[in-house]
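What the coordinates show
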Amino acid sequence: MKKQTGIWLDYKEAVIVDMSDKEDPKVHKIRSGVQTGSVKGGSRTGGTPWGPMNTVSESKHLNRRKHQEDAYFHKILHAIQETDEVLIFGPGEAKVGLVNLIKDDHTQMHARLRGVETADSMTLNQKVAYVRHFFE
């Protein structure tokens, strides 16, 4: 029997639905740890209330976020390395980042990718039903 897995993800968490047992699918979540939000301002130099401000480097912020996203995607790939077929779905850009990592990775995961679909926010039961319907 093939091990079929669906991954719903955004930048907060990934929900992995393992359909190897059709009657009772296994579901587990992976928290991302990716900092969402914008760069905040700096601080005053020299302790003077009206002095110039040090700015926060946006490139450092973006570089840190890129490393956090890569770590998140690698956690997901490690969790699904034993699967035969993969469906990736979810809102936003996170699924595109995971697909790009799969394509750049030199493993056989790209051959196991069965679909990438856009889906809105869903309840846990809706995610399980979506994966079950896709693999039928």
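Look a little higher up for the structure.
Notes on the structure in this doc start here.

Cut-offs used in this document
Residues numbered from 1 in each chain as written. Predicted model: local features only at pLDDT ≥ 70, side-chain atom pairs only at ≥ 80, totals over all residues. Heavy atoms only, no water. Axes fitted to C-alpha atoms, helices over the stretch in contact; angles between N-to-C directions. Helix = DSSP H or I, 4+ residues; strand = E, 2+ residues; numbered from the N terminus. Parallel < 35°, antiparallel > 145°, perpendicular 65-115°, else oblique. Left-handed = near helix turned anticlockwise from the far one by under 90°. Contact = heavy atoms within 4.5 Å. Nonpolar A, V, L, I, M, F, W, Y, C, P; charged D, E, K, R; others polar. Buried < 20%, exposed > 50% of the residue type's maximum accessible area, 1.4 Å probe, protein only. Arc of directions from axis to C-beta. Core = buried A, V, L, I, M, F, W, Y, C linked by side-chain atoms within 4.5 Å. Salt bridge = Lys/Arg side-chain N within 4 Å of Asp/Glu carboxyl O.

1. Digging into the packing of helix 1 (residues 58–79) against helix 2 (residues 94–104)
Running from N to C, helix 1 and helix 2 cross one another at 65°; their axes reach a closest spacing of 10 Å. Looking at the two axes, helix 1 sits roughly perpendicular to helix 2. For helix 1 against helix 2, the interelement crossing comes out right-handed. Residues Phe73, His74, Ile76 and Leu77 of helix 1 touch helix 2, and the partners they reach there are Ala94, Gly97, Leu98, Leu101 and Ile102. Looking at the contact of helix 1 with helix 2, its residues break down into seven nonpolar, two polar and no charged.

2. With respect to helix 4 (residues 124–134)
Burial in helix 4 covers these residues: Lys127, Val128 and Val131. All buried residues of helix 4 project into a common sector of 95° when viewed along the axis, lining one side. Those residues of helix 4 that are exposed and aimed more than 90 degrees away from the buried face are Asn125 and His133. In this fold, the buried residues of helix 4 make contact with strand 1 (4–9), strand 2 (13–18), strand 3 (26–31) and strand 6 (85–90).

3. Observations regarding the nonpolar core
Residues Ile7, Leu9, Tyr72, Ile76, Ile88 and Leu98 are the most contacted members of the largest nonpolar core, which totals 20 residues. Every element with two or more residues in this core is listed here: strand 1, strand 2, helix 1, strand 6 and helix 2. The dominant element in this core, judged by the number of residues it contributes, is helix 2, at five residues. When neighbours within four sequence positions are excluded, Tyr72 is seen to be in contact with Leu9, Asp10, Glu13, Ala14, Ile30, Arg31, Ser32 and Val34. With ten residues, the next largest nonpolar core counts Leu87, Phe89, Val128 and Val131 among its residues.

4. Observations regarding the pattern of salt bridges
Enumeration according to the criterion identifies six salt bridges in this entry. The shortest N-O distance in the salt bridge between Glu13 and Arg31 comes to 3.3 Å. Remark: Arg31 occurs in strand 3 and Glu13 occurs in strand 2; sequence separation between them is 18 residues. Overall, Glu13 belongs to the buried group, its relative accessible area being 16%. The salt bridge involving Glu69 is made with Arg65; its shortest N-O contact spans 2.9 Å. Taken as a pair, Glu69 and Arg65 lie in helix 1 at a separation of four residues, close to a single helical turn. Pair check on accessibility: Glu69 and Arg65 agree, each one buried. Through salt bridges with shared partners, a single ionic network connects Lys2, Glu85 and Arg114.

Note that every value here comes from positions in space, so none of it alone points to a role or purpose.
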